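# Architecture and fold: a report
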Amino acid sequence: MAEARKRKIIALATLKGGSGKSTIAACLAAYWLLDGCKMALFDTDPQGSLINWRQPDGPLEDLRIIANHTQTVGQAIAQSAGFHDVIVADTAGFRNRTTIAVLAATDIAIVPVKASPFDLRVAADTLQLIGEINATKERRHRKIVVAVLLAQTTPGSVIARHLRAEISEAGLPIMAAELANRVVYGEAALAGLTPSVVQPNGKASKEIAAVAMEIENM
Ligand SMILES: Nc1ncnc2c1ncn2[C@@H]1O[C@H](COP(=O)(O)OP(=O)(O)OP(=O)(O)O)[C@@H](O)[C@H]1O
Ligand SMILES: [Mg+2]
């Protein structure tokens, strides 16, 4: 991915907590690190979910993790872009100035939506916020590319399919890849790792790779 990338700053954002932002941010950062990229992971959530997550001397030790939940985080991300192939930014699960600053600095925004009937509205609100940022003078000619990512789905369930159809019908961009609900995400995170490290040939790793590749082609 490192060579041909024009877009390299990827933010995970939703205005709802618990949708999987931090998990997906860690998984994508680890995936691209293992793929040979020089990676930085920005933890911009005041909760600081990721700053102490990573196993310090394991296979992810070269992943640079930076905690910054100030309103000047956009400058820090832009600066860091000069030294990294890809930057992944995790954000808080609510609207705040830091999240807006992260989005204003980002190339691609991924909006994870838990496969629950109550989360569609939240996805629409998040996409509206990104639309507002895209309408600003600064971003009018360099729009944030955005897509909804279905997360924590139950494979084969009706609800994920229904939600996907509803999101498409609402005219919202949705990724083809999705991440199922699998215990390996939590188990790997407890060990300071991700499924790509602990089960490189497992289903979760394949799903993460599919999400990463779809983002690379956005
Ligand atoms: N695909 C998945 N399968 C199973 N569990 C998952 C998956 N993704 C996330 N989880 C679990 O769901 C919970 C919430 O995930 P996570 O903390 O990543 O969400 P978040 O959007 O960052 O939340 P917050 O808004 O509070 O920061 C965690 O316990 C995590 O381990
Ligand atoms: Mg989080």
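Notes on the structure in this doc start here. Remember, it's a predicted structure, so these values are computed and weren't measured experimentally.

Turning our attention to helix α2 (residues 73-81). An α-helical turn contains 3.6 residues, so any two residues separated by three or four positions project in the same direction. Along α2, the positions that sit buried rather than exposed are Val73, Gly74, Ile77, Ser80 and Ala81. Across the axial projection of α2, the buried residues extend over an arc of 130 degrees, all falling on one side. For α2, the exposed residues lying more than 90 degrees away from the buried face are Gln75 and Gln79. Tucked inside the fold, the buried residues of α2 contact β1 (9-12), β2 (39-43), β3 (64-67), β4 (86-90) and α3 (97-105).

Taken together, 16 residues are adjacent to ligand 1, and Gly18, Lys21, Ser22, Thr23 and Ala180 come closest. Separating an oxygen atom of ligand 1 from a backbone N or O atom of glycine 18 is a distance of 2.9 Å. Serine 19 is positioned such that a nitrogen or oxygen atom in its backbone is 3.1 Å from an oxygen atom of ligand 1. In isolation ligand 1 exposes 620 Å². Once the protein is present, 73% of that is buried. Sorting the residues of the shell around ligand 1 by element identifies α1 (21-34) and α6 (183-190) as the ones contributing at least two each.

If you look at the biggest cluster of nonpolar residues, it comprises 39 residues, and the most contacted ones within it are Leu28, Trp32, Met39, Leu41, Val88 and Ile215. Elements that contribute at least two residues to this core include exactly β1, α1, β2, β4, β5 (108-114), β6 (145-153), α6 and α8 (203-216). With ten residues, α1 is the single largest residue contributor to this core. In terms of nonpolar packing, the next biggest core, distinct from the first, is built from 32 residues, Ala40, Leu103, Leu150 and Leu163 among them.

We now examine the sheet that holds β3. Within the open sheet, the seven strands sit side by side as β3-β2-β4-β1-β5-β6-β7. Their pairing is parallel. Two strands in the sheet have a free side with no partner beyond their single neighbour: β3 and β7 (179-180). Sheet analysis places β2 next to β3, joined by four bridges and oriented parallel. Bridge assignment links alanine 40 to a residue of β3, and that residue is arginine 64. Against the sheet, α1 touches β1, β2, β4, β5, β6 and β7, its axis set at about 165 degrees to β4.

Cut-offs used in this document
- Residues numbered from 1 in each chain as written.
- Chains lettered and ligands numbered in written order.
- Predicted model: local features only at pLDDT ≥ 70, side-chain atom pairs only at ≥ 80, totals over all residues.
- Heavy atoms only, no water.
- Buried < 20%, exposed > 50% of the residue type's maximum accessible area, 1.4 Å probe, protein only.
- Helix = DSSP H or I, 4+ residues; strand = E, 2+ residues; numbered from the N terminus.
- Arc of directions from axis to C-beta.
- Contact = heavy atoms within 4.5 Å.
- Near = heavy atom within 4 Å.
- Polar contact = N/O pair within 3.5 Å; in protein donor to acceptor, adjacent residues only side chain to side chain.
- Areas by Shrake-Rupley, 256 points an atom, 1.4 Å probe, with all protein chains shown as cover.
- Core = buried A, V, L, I, M, F, W, Y, C linked by side-chain atoms within 4.5 Å.
- Pairing = 2+ DSSP bridges.
- Axes fitted to C-alpha atoms, helices over the stretch in contact; angles between N-to-C directions.

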